Amino acid sequence: MKFENLILHSLYAACFAICLLTVGAMIVDKPSPATTSVASQANVAAHAAIHG
């Protein structure tokens, strides 16, 4: 019973750490100007292709 409890607590801690790191990366990360520029150009190109 103690072994299973230890494994479950370790799994919980690992999942919690991964979630914290993922949310932290999403909050801290800012898109670079090049990424924003490429995204806006792709959006304009897609709009032009659809509406001819």
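A short tour of the structure in this document, coming up. All values derive from a computational prediction rather than experimental measurement. (Residues numbered from 1 in each chain as written. Predicted model: local features only at pLDDT ≥ 70, side-chain atom pairs only at ≥ 80, totals over all residues. Heavy atoms only, no water.)

## What about the overall build of the chain?
Applicable threshold: Labels follow the DSSP assignment, with helices taken as runs of H or I lasting at least four residues and strands as runs of E lasting at least two, numbered in each case from the N terminus. Exposure was quantified through the Shrake-Rupley algorithm and a 1.4 Å probe, taking into account, for residues, occlusion by the shown protein chains and nothing else.
Along the backbone of the chain there are two helices and zero strands. Here the chain has roughly 4800 Å² of accessible surface; of this, 76% comes from carbon and sulfur atoms.

## Some thoughts on a nonpolar patch on the surface
For clarity, the cut-off: Residues with no salt bridge and a relative accessible area higher than 30% make up the patches, which join like charges within 9 Å and nonpolar side chains (Val, Leu, Ile, Met, Phe, Trp, Tyr) within 5 Å. By salt bridge we mean one thing: a side-chain nitrogen of Lys or Arg within 4 Å of a carboxyl oxygen of Asp or Glu.
A cluster of nonpolar side chains, contributed by Val 23, Met 26, Ile 27 and Val 28, occupies part of the molecular surface with about 430 Å² of accessible area. Along the polypeptide, Met 26 turns up in helix H1 (residues 2-28).

## Focus: the packing of aromatic side chains
Put simply, the rule reads: When two rings of Phe, Tyr or Trp (its six-membered ring) have centres within 6.5 Å they constitute a pair, described as stacked for plane angles under 30 degrees, edge-to-face for angles over 60, and tilted for the intermediate range. A 1.4 Å probe rolled over the protein chains alone gives each residue an accessible area, and that area as a share of the maximum for its type sets the label: buried under 20%, exposed over 50%, partly exposed in between.
One pass over the structure, following the stated rule, counts one aromatic pair. Summarising the aromatic geometry, the rings of Tyr 12 and Phe 16 are spaced 6.2 Å apart at their centres and angled 20° between planes, so their arrangement reads as stacked. Placement of the pair is Tyr 12 and Phe 16 together in helix H1, with a separation of four residues, close to one helical turn. Here Phe 16 falls in the partly exposed class, since its relative accessible area comes to 48%.

## Some thoughts on the state of the cysteines
Cut-off, in case you're wondering: We call a pair of cysteine sulfur atoms a disulfide when they lie within 2.5 Å.
In total, this model carries zero disulfides according to the counting rule given. Cys 15 takes part in no disulfide bond, and the closest cysteine sulfur to it belongs to Cys 19, at a distance of 6.6 Å. Here Cys 15 falls in the partly exposed class, since its relative accessible area comes to 38%.

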